[in-house]
Amino acid sequence: MYSDLIEKYKKIQPSQNAVRILTERYFIKTPAGEFIEKSWHDVAHRVARVVASAELINNPALENLSKSEKLDYIKLLEKEFFDLLASRIFIPNSPTLFNSGMGVDYELLYKPLEQMELDDYSKIIQMRNHLHMLSACFVVPVEDSIDGIFTAVKEYALITKAGGGIGSNFSSLRPNGSFVAGTHGKASGPISFMHVFNSAVSVVEQGYRRRGALMGILNIDHPDIMDFISAKKGNDGEKVLRFFNISVGIPMRREELLRIYERDGTIRLNHSKWHGEKEIKVREIIQKMAQSAWETGDPGMVFLGEMNRYYALYPHKEIISTNPCGEIGLGAYEACNLGSIDLAKLYTQNGVDWDALEKATRIAVRFLDNVIDVNVFPIDKISKAVKESRRLGLGIMGFADLLYKMDIPYDSEEARRLAKNIMAFMALHSHEESSKLGEEKGNFPLFEQSRYHTEDDFVPFSMDESDYDEEIFEHFRNVAPKFKRNVAVLAIAPTGSISNIADTSSGLEPNFLLAYVRYVNKQNSDEREPLFYVNEVLKQKLPEDLINSIKDKLVEDGTLKHLEIDEEIKRVFVVSHDIKPIDHLLMQEAFQCYVDNNISKTINLPNSATVDDVVEVYIEALKHKIRGLTIYRDGSLQTQVLTSTKSLKT
Ligand code: UDP
C-alpha cells in the first residue's frame, strides 16, 4: 500500500554516500557557510512547501474557496508532496533541489506546517529571486550571424549559471569556408563556434555546485558533418569541447536512413548559404561515426525525425535538439523539468506495488506541473515557450535494483516485459492525471493546435505490447482530445545524482558495477575523493560472511562473473558489461515505446569491441523503435565517473 511504503521509507535514513553528496552540494547554507539544512527531510520540507505554493498562481478553482479552505488545501498538498519526497520514492531533478526557495526568507521555508498561514505561501511566491530556476533541460537556437551566435553565447552563460544543461543544433550555421558578405571573408563554421560556447561555459559553473553540461548537434546533411564527427578527437574527457556531448542529428525517419544505408546510398550535403555540391555515402558517415565513438564515446545519434513523429505539436512546432543527456527533445527556447520514481522502493513480497506506483505517478505529475509555475527563468523567451506547452519529464530510476529484488536478469524477455508494463502503466496514469489537471486548471495554451485535439487517433508513444494498451488507446481516443495540461509527460533521465541520493540504481540502466569506487568532486575544487560502495540488494541477498569473503575480488572486478558462487545468483546480478549491446538496445526500446519524450541510455561495449561491432550496433539501432543512441566502450575515456579498481589501474 502507498501509505505503508511512504511510512517505511520516510524512516530509512539516506546512506553515508547519499549524505555526503547532500552535504557537499544540496544542503542550503547561510552566506557565511553555516548549514541551515542538516537532513534530507529538511530539503524535502523546503521543496514541498515551495512547490505547493504554486497553487496560488495556477489553480483557478481556489478562487471559489474561503481563505481557510484555501489554506487547508495547500497545506494538504504540501504534506502529500513532503511525504513522497521524504520517502525518496520520488525525487525531482537537481536544480529543483538546489534552487527551490532561492530568495525566500529561511523562516518561511522551515516554519512548522501547523503554523503556516495563507500569507506565508503568498510571500514565498513574491520573494523568489532570479536564481529560482528549477529545470534541468534547455534548448537554445543559434542564428547564423555574429549577433545571433553571441546572443546565444550569453544565453548559455545565463542558463548555466542558473543550473540548467543546454543543447543546440548548430546546423543553422554556414559551413567552414563559405562566404561572409559583411567582411568579404570566409566563415569558420559551426565547430569553431562550438569552442566559443565551450569556453564561455567553462568559466560559469552551475550555481557553484556542478559543471555545465552541453549538447551540440549537427544534422547529417550539413556540409561540415565529417569534421564534426571527429570534433572531439583527442578528447581525454578534459581538453576538447569538454562540456559538450556531440550528436549527429537525423532529421528523417529512422527507417529512411536504414534504407539508404542498405542500398549503399548517399546523403546530399546542404546549407542555404553554401554553394558547393557534394554527396556522401551513408556508409562512409556511419563508419566514421563508429570509429570516432569507438575512440571517445562521441558522437551519439539523435533521431529528430522520430521525436517529431510523436510530438503532439508537430508540425506547428518542431523539435530541433535535445538536452545534454538526450532524454528531452525541445524546440527553440523550450525547457523541461524532470523527476524520477524509484521503482526499487515500490517492491513488496508480491512484486511491484501497482497501487503505490499509480499514486506516486499522479502526485509526481501534479508536483512537476506546479514546478513550471514557481520556476523563474533567466530569459523571458524561455518562460513564454515553457508555459505555452508545459512539458514535463517524469521517469524512473532503480529499475536494475528492482530486477535484482525480483530475481529477474536484466537481459531477459521477462525483464523487458516488466519494463513495458511498468512504463505503459505510468504512461496511462500520468496522462490521465495530466488530463485531469487540464480539466481542473486549464489545458496547455497551445492545446487546440495540438494533435491531441486535431487528430482522431493520435498517441504520443510508438507503443508495443503491454497489459494497458487498450486503456491507453481509450484515453487518447476519448479524454485527451478534450483535456491535456502538458504537451508531453514522461522521460527517463540518467538520474546521475538523484539516484545516489535515493540509494538506488540509476534510470533504466543496469548497475555499472556491483562494488565500486565513486569519485566525487570536492566543493569549490577540481580535487576528487573516493567513495566505496557495494550494491545494497546484493548485501541483502547474500550472507554477510560470503560478501566479506568475495569483497576484494568484487571491488576489483565489479561483477560476480569470475567468482565461484551460485549460477542463479550470477545470472540475476548482472552488470552493464555482462550484458550484450543488443540487450541494452532492446531494453531502451522496451521503455521508449511508452515514453512520449525520450530516454537517456548508454549502450555499453567491452573494451575489446571493434569498430565493426560499433557499426553493427548503429544498424541495429536503426531497426528499433528508439530515438537516440549513445555508445560507450569501456575504458575509452580516462575520466569516466564510475570505475572499477581494475580499470583504474589500466
Ligand atoms: N545536467 C546538467 N549538469 C550536470 C548533470 C545534468 O546540466 O552536471 C542536466 C542535463 O540536461 C541532464 C539532466 O540535467 O540531461 C538530467 O541529468 P541527471 O538525471 O543526471 O541529473 P540529476 O537530477 O540526477 O542531477
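On to the pattern of salt bridges. Taken as a whole and judged by the stated rule, the model has 45 salt bridges. Note that Asp-120 and Lys-111 form a salt bridge whose closest N and O atoms lie 2.7 Å from each other. Here Asp-298 ties to Lys-232 by a salt bridge, and the two come within 3.2 Å at their closest N and O atoms. With Asp-298 in the loop between α13 (282-296) and β10 (300-302) and Lys-232 in the loop between α11 (225-229) and β7 (244-249), the pair connects residues that are 66 residues apart, well separated along the chain. On the accessibility criterion, Asp-298 (9% relative accessible area) is buried. Beyond isolated ion pairs, a larger network of salt bridges with shared partners links Glu-358, Arg-362, Arg-366, Glu-432, Glu-433 and Glu-440.

For the ligand, the set of nearby residues contains 20 residues, the closest of which are Ser-94, Gln-206, Asn-323, Thr-495 and Gly-496. Contacts to the ligand include Ala-136, whose backbone N or O atom sits 3.1 Å from an oxygen atom. In this structure, Ser-497 approaches the ligand through a main-chain N or O atom, which is 2.9 Å from an oxygen atom. The protein chains hide 90% of the 520 Å² of surface that the ligand would expose on its own.

With domains assigned, the protein chain is organised as domain 1 (137-322) and domain 2 (504-649). Taken together, the contacts link 30 residues of domain 1 with 26 residues of domain 2. Surface buried jointly by domain 1 and domain 2 totals about 2,400 Å² across both partners, of which 60% is contributed by carbon and sulfur atoms. It is Arg-254, Trp-294 and Met-301 that lose the most area in domain 1 upon contact with domain 2, and together they represent 27% of the buried surface on that side. If you look at where domain 1 meets domain 2, you find zero salt bridges. Applying the counting criterion to the domain 1 and domain 2 interface returns seven residue pairs in polar contact (both at pLDDT 80 or more). For the side of domain 1 that touches domain 2, the secondary structure elements donating two or more residues are α12 (254-262), α13, β10 and α14 (304-309). Its residues assigned to classes, the side of domain 1 that touches domain 2 comprises 15 nonpolar, eight polar and seven charged.

Looking at soluble globular proteins, one finds that nonpolar side chains tend to be buried together. Counting 186 residues, the largest nonpolar core has Phe-399, Ile-472, Phe-591 and Tyr-618 as its most contacted members. Viewed by domain, this core spans two of them, domain 1 (137-322) and domain 2 (504-649), each represented by three or more residues. Ignoring any residue separated from it by four or fewer positions in sequence, one finds Phe-399 in contact with Leu-343, Tyr-410, Ala-415, Leu-418, Ala-419, Ile-422, Ser-505, Gly-507, Leu-508, Met-587 and Phe-591. Tyr-404, Leu-542, Val-555 and Leu-563 belong to the second largest nonpolar core, which has 18 residues in total.

Let us now look at the environment of Val-47. Note that Val-47 resides in helix α3 (residues 40-52). Excluding residues that lie within four positions of it along the chain, Val-47 makes contacts with Leu-85, Thr-96, Leu-97, Ser-100 and Phe-367.

What follows is about the environment of Asn-59. Along the polypeptide, Asn-59 turns up in the loop between α4 (55-58) and α5 (67-86). By relative accessible area, which is 5% here, Asn-59 ends up buried. For the pair Asn-59 and Asn-370, spaced 311 residues apart in sequence, the C-alpha to C-alpha distance is 9.6 Å. Once residues within four sequence positions are removed from consideration, Asn-59 is found in contact with Tyr-73, Glu-440 and Lys-441.

Parameters at a glance
- Residues numbered from 1 in each chain as written.
- Predicted model: local features only at pLDDT ≥ 70, side-chain atom pairs only at ≥ 80, totals over all residues.
- Heavy atoms only, no water.
- Salt bridge = Lys/Arg side-chain N within 4 Å of Asp/Glu carboxyl O.
- Helix = DSSP H or I, 4+ residues; strand = E, 2+ residues; numbered from the N terminus.
- Buried < 20%, exposed > 50% of the residue type's maximum accessible area, 1.4 Å probe, protein only.
- Near = heavy atom within 4 Å.
- Polar contact = N/O pair within 3.5 Å; in protein donor to acceptor, adjacent residues only side chain to side chain.
- Areas by Shrake-Rupley, 256 points an atom, 1.4 Å probe, with all protein chains shown as cover.
- Domains from an automatic or database assignment.
- Contact = heavy atoms within 4.5 Å.
- Buried area = accessible area lost by both parts, 1.4 Å probe.
- Nonpolar A, V, L, I, M, F, W, Y, C, P; charged D, E, K, R; others polar.
- Core = buried A, V, L, I, M, F, W, Y, C linked by side-chain atoms within 4.5 Å.

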